Amino acid sequence: MVSVISLLIVIALSMLVIRIGAVALLMTGLSEEVAKFQSLSAFSGTGFTTTESESILNVPIRRKIITLLIRLGSVGVVTSISTLLLSFVGAGQATSERLIVLLIGVGGLYFLSRNKAFNRVLTPLIEKILSRYTSLDLRDYVSLLHLKEDYRIAEIDIREHAWLADKTIEELDLVEEGVLVLGVKRAGEEYVGVPPADLRLKAKDLLIIYGKKNRLDELSKRESGNEEAHDEAKAQNKIDQQGQRRQTERMNKEE
C-alpha cells in the first residue's frame, strides 16, 4: 500500500509542476489556454509540435521554462512507471484493493485539478511565489516597455470570444476601458502591429492587448452582449485617468 501512496504523491507532484509551468508561461504573456497546453505538452513529452511552439522558442525565458518542464517530465514519467510496477509486483490477493485505492486517488486528484474554486486559490498563490522568487514576470517586456507591476500583455483568441468577431477596433471601444490593441495575428496574413481603427476582426484572429491585469482577466472572460461590464470598465478607466492626470501635472511641474 505504501507504493500506491507513493505513486499518488508522484502524480500529484507532476500535476503541480504542470500547473506551475502553465502559470509561469502565462506570466510571460501567453494566453491561458496556450500556456496550459504547452506546459502539459513539454512535461509529457508529446504534442510539442504546434505552431505556437515558435512563439515559445523565440523567447529565452520561455525556452528555459519549457526545458525545465521537459527535464522534470522525463524524470516524472520514469518514476511513475517504476512506482506503478512496484505497486503491483508481488501484491498477490491485495492487487484489487490497491487498484481501487489507486483509482480513487487518481479520481480525487483529477477532481481537484478541474475544480475552479481550488484553482482560484492555487493559481494566484503560484503566481505570487514565482513573482517573489524568480524574474519570470514579463521580464522580456519590462526591459523594453518598462511595464508597471499591475500591467500585462495578453493574447485573446477570438474563436473563444465570438462577440469580438465582425467588429472593427473602433467599434470595440477597448481604449475607453483602458485597454490598448497592440496587434492582430491572422492566419495566412502578416502580423498587423498597432492596427488601424477600421480593421475588422475575424473569428480566427488572435488579438494582442495591453492593459491592467484585472481588466485583461475580466475581458478574456466576458460574455457576449455584456454591456454592463463594458460600462463599468469605462467608468473605472475614467477614475484611473484622473489619477494619471494628477501624476502628469506633478511631472510637468518638476524642474
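**Q** Help me understand the overall build of the protein chain, please; the structure alone is not making it clear to me.
**A** Within the protein chain one finds 10 helices and four strands. Along its sequence from the N terminus, the protein chain presents helices and strands in the succession α-α-α-α-α-α-α-β-α-β-β-β-α-α. Looking at the protein chain as a whole, 36% of its 255 residues qualify as buried. Put simply, 66% of the contacts in the protein chain that link residues at least 6 apart link residues at least 24 apart. Of the accessible surface of the protein chain, which amounts to about 16100 Å², a share of 59% is contributed by carbon and sulfur atoms.

**Q** Help me understand the pattern of salt bridges in this model?
**A** Pairs may arise between side chains of opposite charge once their charged atoms sit close together. One pass over the structure, following the stated rule, counts 10 salt bridges. Here Lys-234 makes a salt bridge to Asp-173, at a shortest N to O gap of 3.8 Å. Highlighted residues: Lys-234 in helix H10 (residues 227-253) and Asp-173 in the loop between helix H8 (169-172) and strand E2 (180-185), separated in sequence by 61 residues. Taking relative accessible area as the criterion, Lys-234 reaches 24% and is therefore assigned partly exposed. Asp-217 is the salt-bridge partner of Lys-213, the closest N and O atoms lying 3.2 Å from each other. Highlighted residues: Lys-213 and Asp-217, both in helix H9 (residues 213-221), separated by four residues, approximately one helical turn. For Lys-213, a relative accessible area of 29% translates into the label partly exposed.

**Q** Looking at this structure, I do not really get the side chain of Asn-237. What am I missing?
**A** If you trace the backbone, Asn-237 turns up in helix H10. Those residues in contact with Asn-237, other than ones at most four positions away along the chain, are Val-175, Glu-176, Glu-177 and Gly-178.

**Q** What should I look at first to understand the sheet that holds strand E4 (residues 206-212) in this one?
**A** By definition, the strands of a sheet pair up through backbone hydrogen bonds, in either a parallel or an antiparallel sense. As summarised here, the arrangement of the four strands in space is E1-E4-E2-E3, forming an open sheet in which the pairing is antiparallel. Looking at the sheet topology across the chains shown, the edges are occupied by strand E1 (151-157) and strand E3 (192-193). Across seven bridges, the pairing between E1 and E4 is antiparallel. By the bridge assignment, Glu-155 is partnered in E4 with Ile-208. Across the sheet, H9 lies against E1 and E4, angled at about 145° from E4, the strand it touches most.

**Q** Any chance you could explain the side chain of His-161 here in plain terms?
**A** As for its placement among the helices and strands, His-161 is situated in the loop between E1 and H8. From its side chain, His-161 meets the backbone oxygen of Ser-220 in a polar contact 2.9 Å long. With residues up to four places along the chain from it excluded, the contact list for His-161 reads Ile-156, Ser-220, Lys-221 and Arg-222.

Calculation criteria
Residues numbered from 1 in each chain as written. Predicted model: local features only at pLDDT ≥ 70, side-chain atom pairs only at ≥ 80, totals over all residues. Heavy atoms only, no water. Helix = DSSP H or I, 4+ residues; strand = E, 2+ residues; numbered from the N terminus. Buried < 20%, exposed > 50% of the residue type's maximum accessible area, 1.4 Å probe, protein only. Contact = heavy atoms within 4.5 Å. Areas by Shrake-Rupley, 256 points an atom, 1.4 Å probe, with all protein chains shown as cover. Salt bridge = Lys/Arg side-chain N within 4 Å of Asp/Glu carboxyl O. Pairing = 2+ DSSP bridges. Axes fitted to C-alpha atoms, helices over the stretch in contact; angles between N-to-C directions. Polar contact = N/O pair within 3.5 Å; in protein donor to acceptor, adjacent residues only side chain to side chain.

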